[in-house]
Each structure stands twice: as C-alpha cells, then as structure tokens.
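# Structural overview
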Amino acid sequence: MWECPKCKRKFKNTNQSHYCGAVPQNIEEYIAQQSKDSQPYLRQINDTIQGALPDAVQKISWSMPTYWKKRNLIQFAAFKKHIGLYPGSAAVEAFAERLQGYKTSKGTIQLSYDKPLPLDLIGEIAAWCEQEYGK
C-alpha cells in the first residue's frame, strides 16, 4: 500500500492520482479550491451547464462538480493543463464530428486552457445528456 505524504490516504497503486484535502460540499466550493487560473474557465462551464440544465440537481460526486437527474448527467473537473468534461461515451460519440480538434476518450472531453471554451457546444452536450440520460 502506498500512503500519500500530503493527506495520508492509503492506495493500492504507488503515486495514485487523487484529490488531497476535504471534499468540497458544493460546486462553488469546488471552484474556489482550484487554481486562480482555472477558476474563470470553471465558472464559465458551470454557468453554461446550469443554463442548459436548470432543473438538474447540482452536487459533488467523485470529488467533481456534477449535474444529476435520476443519474449523473455531466461532470467536469480542473486539471493542470485542461478542464475535463465528462458527458459519457454516448455523448462523445454523438458529438464526435463537432469535437474534432479536442482530445477525447471514452466519455471524456479535454478542454485545453490555451483554446477558447466552446460554450455553445458544452450547453448543447449538457442538454443532450439530460434528454438521453435524465428520462
């Protein structure tokens, strides 16, 4: 077992990637805990998703901001070089043509800090997630 020297949590894998510190209680607290550079991006994404999903429950799940309606609809998280957007693999497939130029993998879209955020597209993806997953 490996123990994180910062938070003292124990993990099966050495140098396991994880979030040190207290889990935020809401999305605004999550954003406030992130780097000053990433906060404007996170707020823009959160505002966009909130506008597209006004009836969804906002919560923290897996230490990430989450919009929920009967299940997780869409999540996002800050990383050193990008914001991870997690709409699920079906959404990534459905929007594959419009996501060209962005790094994607199964269920994940990476939004680099060095490109403008595709806020209209993020809003469309969020609405699609509600339509597909929130039934």
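Preceding this paragraph is the structure being described.
In this report, the structure presented in the accompanying data block is examined. Please read these numbers as outputs of a predicted model, since none were measured by experiment.

### Some words on the pattern of salt bridges
Inspection of the entire model under this criterion finds three salt bridges. For the salt bridge of E130 with K69, the shortest nitrogen-to-oxygen distance reads 2.9 Å. In this pair, E130 is assigned in helix α4 (residues 119-133) and K69 in the loop between β4 (64-68) and β5 (72-78), connecting sequence segments 61 residues apart. The exposure class assigned to E130 is buried, which follows from its relative accessible area of 18%. We classify K69 as partly exposed; its relative accessible area is 27%.

### Considerations on helix α2 (residues 39-52)
Residues lying three or four places apart along an α-helix face the same way, a consequence of the helix completing one turn every 3.6 residues. For α2, with 14 residues, the first-to-last C-alpha span of 20 Å sits near the 20 Å given by 1.5 Å per residue. All of the buried residues along α2 are Q39, L42, I45, N46, T48 and I49.

### Focus on the sheet that holds β4
One open sheet accounts for six strands, arranged β3-β4-β5-β6-β8-β7; its pairing is antiparallel. If you trace the sheet from one side to the other, it starts and ends with β3 (57-61) and β7 (103-105), each paired once. Each adjacent strand pair in this sheet contributes to an overall mean axis angle of 20 degrees, direction not counted. Summarising the sheet, strand β6 (residues 82-86) and strand β8 (residues 108-112) pair through four bridges and their orientation is antiparallel. Looking across to β8, one finds that L85 is bridged to I109.

### Some remarks on α4
The terminal C-alpha atoms of α4, which comprises 15 residues, lie 21 Å apart, in line with the 21 Å expected from a rise of 1.5 Å per residue. Inspection of α4 places L121, I122, G123, I125, A126, W128, C129, E130 and Y133 among the buried residues, and these make up the whole buried set. Turning to α4, the residues buried within the fold contact α2, β5, β6, α3 (89-94) and β8.

Rules behind the numbers
- Residues numbered from 1 in each chain as written.
- Predicted model: local features only at pLDDT ≥ 70, side-chain atom pairs only at ≥ 80, totals over all residues.
- Heavy atoms only, no water.
- Salt bridge = Lys/Arg side-chain N within 4 Å of Asp/Glu carboxyl O.
- Helix = DSSP H or I, 4+ residues; strand = E, 2+ residues; numbered from the N terminus.
- Buried < 20%, exposed > 50% of the residue type's maximum accessible area, 1.4 Å probe, protein only.
- Expected span 1.5 Å × (residues − 1).
- Pairing = 2+ DSSP bridges.
- Axes fitted to C-alpha atoms, helices over the stretch in contact; angles between N-to-C directions.
- Contact = heavy atoms within 4.5 Å.

Structural measurements only, silent on function.
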